Structure formats: C-alpha cells, structure tokens
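Architecture and fold: a report
Here are the chains, one letter per residue:
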Amino acid sequence: MMSALDNDQGSYHEVAFGCEHYKRKCKLVASCCNKLYTCRLCHDDATDHIMDRKATSMMMCTKCLIVQPIGPTCSTVSCNSLSMARYYCPTCKLFDDEREIYHCPHCDICRVGKGLGIDYFHCMTCNACMSMPVATTHTCVKNRLKGNCPVCQEYMFTSTSRLKSLDPCGHVMHSSCFQAYTCCYYTCPICNKSLRDMEVYYGMLDTMLAEEEIPEEYLGRTKDIFCIDCENEGSAPFHWLYHRCPHCESYNTRLI
C-alpha cells in the first residue's frame, strides 16, 4: 500500500461519501497527475486534461484514508473488507452505490441499466446499447453514437446525459438538446427529415393555399421537387414557398 498523496480536493482527513456524479466510499488516484479525485468527471471538471479511467490502478478508502490497489473492497484490516460501492467494474474502474449499472462488452464501457437481454440490447450495426422495446423497430445507423451531439457538440458515445433517437431517421442527440431544438425547428439537423407528425401543420398549409389566389399567369404551372422525407422526386403546383410531395404529402421538399 502507498502512503497518502497530496490532494487538491481537500484534506485527507475529510471522509466523503462520493460526489455529485457517483456515490462511493473511495477516491481514485488519477494516473495522469497522481492526485486524488472522487471520480473521473470531478477530475475533468477541475483540470485541463481528460482522465483515462481504465489506467487507474490505485484508490483511497475514505474510511481508513489508506491509498491501496484499486478493488471492490478496502484491503486494510481495520476496514474489515468494507465494500467501496454496490457496483464495481474492474474494466472501467467504476464504483457506484445508487444505480443499476452493467458493463457492455461490445461498447467496452459501463452503462446505466439492469443488463443486456434484460432491459437493454446491443445493436451491432448501430454499435450502441438501446432499450429492449425498440429492438425490432429502430432505424439502424452505423456507429450512431460515434459522433458529437448536433446541438451541443458533446461526444455522445461516452456522454452521461440521456440520449434521444430521432424518428424516423435514427440520428441521435441529447434529450435536453432535443427539447430546446424542437422549440424552433421540426427537421433533423443532420439529414433534414421531419422529426414529428406534421399532419396538423400540413393541414393548416393546405387550408391556407386553398384560400390563396395565384396570379393568372402562374395558374397551371408546376415545379419539379425532391421530397426529403420519402426521398422521391415529383412535381407540385406552382407556389413561391410551399410544395407538397405527391407521394407522401409532406411539405418538407426542395426545388430541383
């Protein structure tokens, strides 16, 4: 076992039960800077570099304050094999005492949930864990989480925030970003497909266009269009702004 290390987070004699991110009875020795932090997120918030969670090899029990090799229990005699948390992952070096967590061997990372085959499954095409109810209905997008959220630009594969799959295109963004984004926009920021059932809005456009008078010289004219939603080409009656797809009746179209 190692002796105590210098620590920027406070006195060694302060016993804390975790942090705002995780509840646990230990602190981690960051291999990159040899300092104590309750978790990798606390480290990343306090420093100008990212902590490699899997490179962590030492921890400090917050009961006996002894730095020791990382493991599920404290190795000192005085602590009598005190558990550091209900959940411990030897691969991710993750401790948590309040949530159900499982390690996905395909993602090679820990995720919140009961486990694969219970409430989550791993789609090999999407290379992502998803809830069981969408196992046969989701739209596959190759490596769907290996990119940044199109709104806030945070890397989604390791994000701790809840994610939302967009229908029908299958692209992904944070749930909170989706709520803010859809206050102003109704199409996917990546592929521009409609995100919601637009029947009511399109019905309003139908009523408006039916009442609008088109100048006589434009009557009978048509425009060639491409529908972003169904990806078909067609023609629509002339208008300066709105052109309805003859195939799926969407107004999410572009002139060609």
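In short, a report on the structure. Quick caveat: nothing in here was measured; it's all calculated off a predicted structure. (Residues numbered from 1 in each chain as written. Predicted model: local features only at pLDDT ≥ 70, side-chain atom pairs only at ≥ 80, totals over all residues. Heavy atoms only, no water.)

1. Regarding the overall build of the protein
Scanning the protein from terminus to terminus reveals three helices and 15 strands. Against the globule reference of 18 Å for 256 residues, the protein gives a C-alpha radius of gyration of 27 Å, more extended than a compact globule. For the protein, long-range pairs separated by at least 24 residues make up 34% of all intrachain contacts whose partners lie at least 6 apart in sequence. Carbon and sulfur atoms form 51% of the exposed surface of the protein, whose accessible area is close to 14500 Å². Averaging the positions of the 25 positive and the 29 negative side-chain charges in the protein gives two centres separated by 11 Å. (Helix = DSSP H or I, 4+ residues; strand = E, 2+ residues; numbered from the N terminus. Rg over C-alpha atoms; globule rule 2.2 N^0.38 Å. Contact = heavy atoms within 4.5 Å. Areas by Shrake-Rupley, 256 points an atom, 1.4 Å probe, with all protein chains shown as cover. Lys, Arg positive; Asp, Glu negative; His and termini not counted. Charge placed at Lys NZ, Arg CZ, Asp CG, Glu CD.)

2. Remarks on unusual backbone geometry
Geometrically, the link from D167 to P168 is a cis peptide bond, its omega value of 5 degrees lying close to zero. Positionally, P168 belongs in the loop between strand 11 (163–165) and strand 12 (172–174). Positive phi is not limited to glycine here, since K93 has a value of about 55 degrees. Within the secondary structure, K93 is located in the loop between strand 5 (87–89) and strand 6 (94–96). We classify K93 as buried; its relative accessible area is 15%. (Buried < 20%, exposed > 50% of the residue type's maximum accessible area, 1.4 Å probe, protein only.)

3. Observations concerning the nonpolar core
In this structure, C107, L166, M173 and L195 are the most contacted members of the largest nonpolar core, which totals 23 residues. Residue assignment for this core shows that the elements contributing at least two residues are strand 7 (101–104), strand 9 (120–123), strand 10 (128–131), strand 12 and helix 2 (175–181). For L166, the contacting residues outside a window of four places in its chain are H171, M173, F178, C188, P189 and L195. Ranked by size, the runner-up nonpolar core spans 15 residues in total, among them M51, I70, C79 and A85. (Core = buried A, V, L, I, M, F, W, Y, C linked by side-chain atoms within 4.5 Å.)

4. Description of the environment of K25
Here K25 is to be found in the segment before strand 1 (26–29). For K25, a relative accessible area of 24% translates into the label partly exposed. With residues up to four places along the chain from it excluded, the contact list for K25 reads F17, M60, C61, T62, L82, S83, M84 and D97.

5. Some remarks on the pattern of salt bridges
In this structure the tally under the stated criterion is five salt bridges. The salt bridge involving D108 is made with K54; its shortest N-O contact spans 2.7 Å. Pair noted here: D108 is in the loop between strand 7 and strand 8 (109–112) and K54 is in the loop between helix 1 (40–46) and strand 3 (58–61), with a separation of 54 residues, a long-range link. Accessibility expressed as a relative area gives 36% for D108, which makes it partly exposed. Here R244 makes a salt bridge to E249, at a shortest N to O gap of 3.6 Å. Via salt bridges that share partners, D206, R244 and E249 belong to a single interconnected network. (Salt bridge = Lys/Arg side-chain N within 4 Å of Asp/Glu carboxyl O.)

6. Thoughts on the sheet that holds strand 4 (residues 67–69)
Pairing is antiparallel in the open sheet, where four strands are placed in the order 2-1-3-4. Each of the sheet's edge strands pairs with one partner strand only, and the pair in question is strand 2 (36–37) and strand 4. When strand 1 meets strand 2, the two strands line up antiparallel, connected through two bridges. Within strand 2, the position partnered with V29 by the bridge is L36. (Pairing = 2+ DSSP bridges.)

7. A word on the environment of C74
With respect to the helices and strands, the residue C74 is situated in the loop between strand 4 and strand 5. Placed 15 residues apart in sequence, C74 and M59 show a C-alpha to C-alpha distance of 9.2 Å.

8. Some words on the pairing of strand 1
Here strand 1 shows a buried face lined by C26 and L28 and a second buried face lined by K27 and V29. If you look at the hairpin formed by strand 1 and strand 2, you'll find six residues sitting between the two strands, and N34 has a positive phi there, around 60 degrees.

9. Topic: the packing of aromatic side chains
Summed over the entire model, instances satisfying the criterion amount to 10 aromatic pairs. What links up through ring pairs into an aromatic cluster is the set Y186, Y201, Y202, Y242 and Y251. Across the ring face of F157, the terminal group of R111 is positioned such that the distance to the ring centre comes to 5.0 Å. Between the NZ or CZ atom of K164 and the centre of the ring of F178, over which it lies, the distance is 4.9 Å. (Phe/Tyr/Trp six-rings, centres within 6.5 Å; stacked < 30°, edge-to-face > 60°. Lys NZ or Arg CZ within 6 Å of the ring centre and 35° of its normal.)

10. Topic: the sheet that holds strand 13 (residues 222–227)
Ordered by their spatial adjacency, three strands build an open sheet running 14-13-15, and the pairing between neighbours is antiparallel. The sheet is open, and its two edges are formed by strand 14 (233–237) and strand 15 (253–255), each paired on a single side. Pairwise comparison of adjacent strand axes, ignoring direction, gives a mean angle of 45 degrees for this sheet. Relative to strand 14, strand 13 runs antiparallel, the two being bridged by five bridges. Note on strand 14: the bridge partner recorded for F226 is E233. (Axes fitted to C-alpha atoms, helices over the stretch in contact; angles between N-to-C directions.)

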